[in-house]
Amino acid sequence: MRASVIQIAVDEGESVESRRRRVASLVRQQAGSDLVVLPELWTTGAFAYEEFGREAEPLEGPTYEAMAKAASDAGVWLHAGSVPERDPEGPLYNTSLVFSPSGDLAAAYRKIHRFGFDKGEAVLMGAGEELVTVRLPRTTLGLSTCYDLRFPELFRALVDAGAETLVVSAGWPERRRSHWTLLAQARAVENQSFVVACGTAGTHAGVPQAGHSIVVDPWGEVLAEAGAGEEVLTVEFDPGKVAATREQFPALKDRMLGLQPPHRP
Ligand SMILES: O=C(O)CCC(=O)C(=O)O
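An account of the accompanying structure is given in this report. (Residues numbered from 1 in each chain as written. Predicted model: local features only at pLDDT ≥ 70, side-chain atom pairs only at ≥ 80, totals over all residues. Heavy atoms only, no water.)

### Things to note about helix α5 (residues 152-160)
By the burial criterion, the buried members of α5 are L154, F155, L158 and V159. An end-on view of α5 places all buried positions within 140 degrees of arc, on one side of the element. Where the residues of α5 are buried, they touch β5 (105-110), β6 (133-135), β7 (140-145), β8 (165-169), α6 (177-191) and α7 (240-248). (Buried < 20%, exposed > 50% of the residue type's maximum accessible area, 1.4 Å probe, protein only. Helix = DSSP H or I, 4+ residues; strand = E, 2+ residues; numbered from the N terminus. Arc of directions from axis to C-beta. Contact = heavy atoms within 4.5 Å.)

### Comments concerning the sheet that holds β8
Pairing is mixed across the open sheet formed by six strands, whose spatial order is β6-β7-β8-β9-β12-β13. The open sheet terminates on both sides in strands that have one partner only, identified here as β6 and β13 (222-225). Across the sheet, the mean angle separating the axes of adjacent strands is 15 degrees when strand polarity is ignored. Helix-sheet contacts for α6 involve β8, β9 (194-198), β12 (214-216) and β13, and the interaxial angle to β12 is about 25 degrees. (Pairing = 2+ DSSP bridges. Axes fitted to C-alpha atoms, helices over the stretch in contact; angles between N-to-C directions.)

### Here we look at helix α1 (residues 16-28)
With 13 residues, α1 should reach 18 Å at 1.5 Å per residue; the first-to-last C-alpha distance of 18 Å fits that figure. Among the residues making up α1, those that are buried are V16, R19, R20, V23, A24, L26 and V27. The arc that holds every buried residue of α1, seen down its axis, measures 160 degrees, which confines them to one face. For α1, the elements touching its buried residues are β1 (2-7), β2 (35-37), α2 (49-55), α3 (62-74), β3 (77-86) and β14 (231-236). (Expected span 1.5 Å × (residues − 1).)

### Focus on the side chain of S144
Among the secondary structure elements, S144 is positioned in strand β7. For S144, a relative accessible area of 0% translates into the label buried. Among the polar contacts made by the side chain of S144, one reaches the main-chain carbonyl oxygen of V167 at a distance of 2.8 Å. Beyond its immediate sequence surroundings of up to four residues, S144 is in contact with Y109, L154, F155, V167, V168 and S169. (Polar contact = N/O pair within 3.5 Å; in protein donor to acceptor, adjacent residues only side chain to side chain.)

### Quick notes on the layout of surface pockets
Its boundaries defined by the atoms lining it, the largest pocket holds a volume of some 160 Å³. Contributing to the lining of the largest pocket are 13 residues, with E12, E14, R19, T44 and E51 lying nearest its centre. Going through the elements one at a time, α1 and α2 are the ones with two or more residues in the lining of the largest pocket. Top element by residues in the lining of the largest pocket is α2. It accounts for three residues. (1 Å grid on protein atoms, 1.4 Å probe; cavity = no way out; pocket = protein on both sides within 12 Å on 5 of 7 lines; lining within 4 Å. Points joined across faces, edges and corners; volume = space filled by probe spheres on them.)

### Details of the pattern of salt bridges
A complete count under the given rule lists 18 salt bridges for this structure. Put simply, E51 and R54 hold a salt bridge, and the shortest N to O gap is 2.7 Å. One end of the pair is E51 and the other is R54, both in helix α2 and three residues apart, which spans about a single turn. You can call E51 partly exposed: its relative accessible area is 23%. Measuring nitrogen to oxygen at the nearest pair gives 2.8 Å for the salt bridge that ties D160 to R255. In this pair, D160 sits in helix α5 while R255 sits in the segment after α7, placing the two residues 95 residues apart along the sequence. Residue classification places R255 among the partly exposed positions, given a relative accessible area of 25%. One salt-bridge network, in which partners are shared between bridges, spans E14, R19, R22 and E230. (Salt bridge = Lys/Arg side-chain N within 4 Å of Asp/Glu carboxyl O.)

### Examining the packing of aromatic side chains
Scanning the entire structure with this criterion turns up 11 aromatic pairs. Consider the rings of Y64 and F99, whose centres lie 5.1 Å apart with planes at 80 degrees: the pair is edge-to-face. Taken together, the residues Y64 in helix α3 and F99 in strand β4 (residues 92-99) connect sequence positions 35 residues apart. Put simply, the rings of F47, Y49, F52, F115, F117, Y147 and F151 touch in pairs and so form one group of aromatic residues. (Phe/Tyr/Trp six-rings, centres within 6.5 Å; stacked < 30°, edge-to-face > 60°.)

### Regarding the site of the ligand
Near the ligand, the surroundings consist of E40, F47, K111, F115, C146, Y147, R150, G171, W172, P173 and R176. Within the side chain of R150, a nitrogen or oxygen atom sits 2.6 Å from an oxygen atom of the ligand. Contact distances for the ligand include 2.5 Å between an oxygen atom and a side-chain N or O atom of R176. Here the ligand has 300 Å² of accessible area as a free molecule, and 99% of this is covered by the chains. For the ligand, the cavity whose grid points lie within 2 Å of the majority of its atoms is the largest cavity. Of the residues assigned to the shell around the ligand, the class counts are six nonpolar, one polar and four charged. (Near = heavy atom within 4 Å. Areas by Shrake-Rupley, 256 points an atom, 1.4 Å probe, with all protein chains shown as cover. Sits in = over half its atoms within 2 Å of the grid points. Nonpolar A, V, L, I, M, F, W, Y, C, P; charged D, E, K, R; others polar.)

Structure follows, in structure tokens:
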């Protein structure tokens, strides 16, 4: 299976419309890949909080249209990263879209863990409540977005729901790049799954981005890692390695579920 991770630069100098055209063209160039992955909030930048409201789109907005077409033109499964979604009956959401090779929407995932503590995304957007997996012909994707990477219980729940390839679409800052790499490898090892993690390059809202998109196998080996700049990372992997790893080293079967807090008389 071939995956292409498109690590684009999100800089303020480029308009959203022109970035959308550029990204659609990059997706088309990945014809021949099985799966193409884009980063989080690449229309605005994940830290450009004041742009969220201005650039928010209904689910089937301009990014949806452009990415559905790009997926079908390229004939790929496309994780189109996320957009600030305007729900007519609710708040904004940080919503990822996945399209099938015929350009149909296969899944939408609203980011569950919002970043910013009591600022930024955490107050501007609503929290998703549903786990999302997507069945592809040779693997099942488990979807996550950026800050979600810090919450292992989300990934364990995705594995329980059948995920074998954990996709992380992110706009991770350079300041905490070491956490990004470490957590991507940890999620792969503990869940005996592939991790395909796509970040952004460039600087927006004064926040330099980490880049370093990464693909990790179920043994924790890094199959490919991008540098800091704009780059398309392409990697071939055997999805059968998940079942083989889980069979040969069956640690997931040794989970002790339902642990209780210590008893204090
Ligand atoms: O957890 C982090 O360090 C970065 C998270 C983040 O930037 C985000 O979720 O947008």
